[in-house]
Amino acid sequence: GSRLGSEFTPSLEEGDVLLRVTMAPSISLTEAAETTTRIEKRLLTAFPEIKSIVTRIGRGEVGAHADPTNSAEAFVELNPKSEWRKGLSPEDLRTAISENLEGVPGIVVNIGQPIAMSVDELLTGTRAEL
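Participant: Can you explain the overall build of the protein? Please cite residues and give values.
Facilitator: The secondary structure content of the protein amounts to 3 helices and 4 strands. N-terminal to C-terminal, the α/β element order of the protein is β-α-β-β-α-β-α. Split into buried and exposed, the 130 residues of the protein put 35% on the buried side. Considering only contacts within the protein whose residues lie at least 6 apart along the sequence, 64% involve residues at least 24 apart. With an accessible surface of roughly 8000 Å², the protein has 56% of that area assigned to carbon and sulfur atoms.

Participant: Can you tell me about the environment of Ile 50, naming the residues and giving the values?
Facilitator: By the secondary structure assignment, Ile 50 is in strand β2 (residues 50-59). In this structure, the C-alpha to C-alpha distance between Ile 50 and Leu 78, residues 28 residues apart in sequence, is 4.5 Å.

Participant: Could you give an account of the packing of helix α1 (residues 29-46) against helix α2 (residues 90-101), with specific residues and numbers?
Facilitator: The N-to-C vectors of α1 and α2 enclose an angle of 130°; their axes lie 11 Å apart at closest approach. When the axes of α1 and α2 are compared, the pair comes out oblique. Where α1 crosses over α2, the handedness of that crossing is right-handed. The residues of α2 that touch α1, namely those facing Ile 39, Arg 42, Leu 43 and Ala 46, are Ile 97, Asn 100 and Leu 101. Residue composition of the contact of α1 with α2, grouped by class: 5 nonpolar, 1 polar and 1 charged.

Participant: Now, about the confidence of the model for the protein: what can you tell me, with residues and values included?
Facilitator: Of the residues in the protein, 72% have a pLDDT of 70 or more, and the chain-wide mean is 83. When mean pLDDT is taken per element in the protein, α1 scores highest with 96 and helix α3 (residues 114-124) scores lowest with 63.

Participant: If you had to explain the sheet that holds β2 to someone new, which residues and values would you point to?
Facilitator: Read from one edge to the other, the open sheet built from 4 strands follows the order β2-β3-β1-β4, with strand pairing classed as antiparallel. Either end of the sheet is taken by a strand with one partner, and the two such strands are β2 and β4 (107-112). Across the sheet, the axes of successive neighbouring strands diverge by a mean angle of 20°, strand direction being ignored. Summarising the sheet, strand β1 (residues 16-23) and strand β3 (residues 67-78) pair through 7 bridges and their orientation is antiparallel. Each residue of the ladder has a partner; that of Arg 20, found in β3, is Glu 73. Where α1 meets the sheet, its contacts fall on β1, β2, β3 and β4, and the angle it forms with β2 comes to roughly 165°. Contacts from α2 reach β1, β2, β3 and β4, with the element oriented near 175° to β4.

Participant: Can you tell me about the environment of Arg 56, naming the residues and giving the values?
Facilitator: Structurally, the position occupied by Arg 56 is in strand β2. For Arg 56, a relative accessible area of 33% corresponds to the partly exposed category. Counting along the chain gives 13 residues from Arg 56 to Thr 69, while the straight-line C-alpha distance between them is 9.5 Å. Of note is the side chain of Arg 56, whose polar atom sits 3.1 Å from the backbone oxygen of Gly 58.

Participant: Kindly report on the pattern of salt bridges, identifying the contributing residues and their values.
Facilitator: Applying the stated criterion to the full structure yields 5 salt bridges. With a shortest N-O distance of 3.0 Å, Arg 56 and Glu 73 are connected by a salt bridge. Placement of the pair is Arg 56 in strand β2 and Glu 73 in strand β3, with a sequence separation of 17 residues. For Glu 73, a relative accessible area of 12% puts it in the buried group. Arg 94 is paired through a salt bridge with Glu 91; the nearest N and O atoms lie 2.8 Å apart. Taken as a pair, Arg 94 and Glu 91 lie in helix α2 at a separation of 3 residues, close to a single helical turn. Residue classification places Arg 94 among the buried positions, given a relative accessible area of 10%.

Rules and cut-offs
Residues numbered from 1 in each chain as written. Predicted model: local features only at pLDDT ≥ 70, side-chain atom pairs only at ≥ 80, totals over all residues. Heavy atoms only, no water. Helix = DSSP H or I, 4+ residues; strand = E, 2+ residues; numbered from the N terminus. Buried < 20%, exposed > 50% of the residue type's maximum accessible area, 1.4 Å probe, protein only. Contact = heavy atoms within 4.5 Å. Areas by Shrake-Rupley, 256 points an atom, 1.4 Å probe, with all protein chains shown as cover. Axes fitted to C-alpha atoms, helices over the stretch in contact; angles between N-to-C directions. Parallel < 35°, antiparallel > 145°, perpendicular 65-115°, else oblique. Left-handed = near helix turned anticlockwise from the far one by under 90°. Nonpolar A, V, L, I, M, F, W, Y, C, P; charged D, E, K, R; others polar. pLDDT = per-residue confidence, 0-100. Pairing = 2+ DSSP bridges. Polar contact = N/O pair within 3.5 Å; in protein donor to acceptor, adjacent residues only side chain to side chain. Salt bridge = Lys/Arg side-chain N within 4 Å of Asp/Glu carboxyl O.

Take a look at the structure:
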C-alpha cells in the first residue's frame with residue numbers, strides 16, 4: 001500500500017527546545033553529569049530566552065528505548081516570545097544554540113523540538129531530525 005511520507009507532516013512551533021547530546025562512549029556517569037552541567041550553565045548564561053534546562057542522562061532498559069550514559073537529553077524551557085531579543089525567531093534561536101555548542105569539545109548535539117523529535121523517532125526508529 002501507499003504510505004504518506006513525513007515530508008507532509010506540518011511543522012509546529014512548540015515553544016521549547018530539545019537537545020540530544022552524545023558524548024564519548026567511554027564516559028563515566030560522573031563525567032557525563034559534569035559535561036551536561038557545563039552545557040546547561042553555558043546556555044543559561046548566553047541566552048536570556050532560556051528559562052530553565054532539565055537534563056536526563058541515559059535511560060533505563062524499560063521498553064524499547066534504552067540509552068547508555070553517553071547519551072543525554074536536555075529539555076530547554078523558553079521564556080514567552082514577548083521577552084525574547086527583538087527580531088529573533090525560534091529557528092534563529094535553535095541555530096544560535098547549535099552554533100554555541102559547536103565550541104564544546106567531546107560532544108555531538110542534535111537540536112530540535114520535543115514533540116517533533118519524538119514523532120521523527122517513532123516514524124523512522126532513529127534519533128535524527130527528518
